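Residue-level listing of the chains:
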Amino acid sequence: MRPLQQTADTARPHRPDLQIATEGEFAGWRTWTRDTFESNSGPFWHRIEDDGQVRCAFRVEKKHLNGMNAVHGGCFMTFADYCLFAIASRELQGPGVTVAFGAEFLDAAYEGELIESTGEVTRAGGSLIFVRGILKCAARPLFTFSGTIKRVKRKVAPTEIADSH
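Keep in mind that this is a model prediction, so the values were computed, not measured.

S.K.: Which parts of the structure should I look at to understand the overall build of the protein chain?
M.R.: A tally of regular secondary structure across the protein chain gives 4 helices and 9 strands. Element order for the protein chain, N to C, with α for helix and β for strand: β-β-β-α-β-β-α-α-β-β-β-β-α. In the protein chain, buried positions account for 36% of the 165 residues. In the protein chain, once contacts between residues fewer than 6 apart in sequence are set aside, the share between residues at least 24 apart is 53%. If you sum the accessible surface of the protein chain, you get close to 9200 Å²; carbon and sulfur atoms cover 52% of it.

This is the structure in structure tokens:
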């Protein structure tokens, strides 16, 4: 595992689970460590490009493969769900859950390949955020996806309410 450095996210300053790789292929890229399923499935990474677009990526390892030595469809779906939240992070600015997810499998990917994703928020309302994106290996399209994220109000502990007055 590559060394990670804790950092503050500009959109969400109180994210102790947001980490930045300090070396290796993904130095400077961000990941979240709170979702143990994604952490064990990945590592998955994201960064904000100079033009403001969010780019996500992961390098295919043996653990990502199915019995035919291609990336397992569940891995693509897990990565795409990670991408939904990375792409929507500026609009989301808080917790959320995936309430709808659609996908199309276009091509296979194999061990050692770099999988990248880009996408866009197509609409952000008061409680729902709609996102679509694509996974590619170089110029080869692999998987398209769309999803809906529901904003979730953070539950405040009774002690926090008592301390706020």
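S.K.: Mind showing me how you'd approach the nonpolar core here?
M.R.: Burial of nonpolar side chains together is a common tendency in soluble globular proteins. The biggest cluster of nonpolar side chains holds 31 residues, and the ones touching the most others in it are Phe76, Phe79, Ile115, Leu135 and Phe145. Sorting the residues of this core by element identifies strand E5 (54-59), helix H2 (73-87), strand E8 (128-137) and strand E9 (140-151) as the ones contributing at least two each. For this core, the element with the most residues is H2, which contributes 10 residues. If we skip the residues at most four places from it in the chain, isoleucine 115 touches Cys56, Ala57, Phe58, Val60, Phe76, Phe79, Ala109, Leu135, Lys136, Cys137 and Leu142.

S.K.: Even after reading the chapter, I still don't get the pattern of salt bridges, so can you show me in this structure?
M.R.: Side chains carrying opposite charge are able to pair once their charged atoms draw close together. Overall, the coordinates contain 7 salt bridges when judged by the stated rule. Between arginine 55 and glutamate 116 there is a salt bridge, with its nearest N and O atoms 3.9 Å apart. Separated by 61 residues along the polypeptide, arginine 55 in strand E5 and glutamate 116 in strand E7 (residues 114-124) bring together distant segments of the chain. One salt bridge in this structure joins glutamate 120 and arginine 132, with 2.5 Å as the shortest N-O distance. Remark: arginine 132 occurs in strand E8 and glutamate 120 occurs in strand E7; sequence separation between them is 12 residues.

S.K.: What is the right way to look at a nonpolar patch on the surface in this model?
M.R.: A cluster of nonpolar side chains, Val97, Val99 and Val152, forms an exposed patch at the surface whose accessible area comes to about 220 Å². Here valine 152 lies in the loop between E9 and helix H4 (158-163). We classify valine 152 as partly exposed; its relative accessible area is 36%.

Cut-offs used in this document
- Residues numbered from 1 in each chain as written.
- Predicted model: local features only at pLDDT ≥ 70, side-chain atom pairs only at ≥ 80, totals over all residues.
- Heavy atoms only, no water.
- Helix = DSSP H or I, 4+ residues; strand = E, 2+ residues; numbered from the N terminus.
- Buried < 20%, exposed > 50% of the residue type's maximum accessible area, 1.4 Å probe, protein only.
- Contact = heavy atoms within 4.5 Å.
- Areas by Shrake-Rupley, 256 points an atom, 1.4 Å probe, with all protein chains shown as cover.
- Core = buried A, V, L, I, M, F, W, Y, C linked by side-chain atoms within 4.5 Å.
- Salt bridge = Lys/Arg side-chain N within 4 Å of Asp/Glu carboxyl O.
- Patch = residues over 30% accessible without salt bridge, like charges linked within 9 Å, V, L, I, M, F, W, Y side chains within 5 Å.

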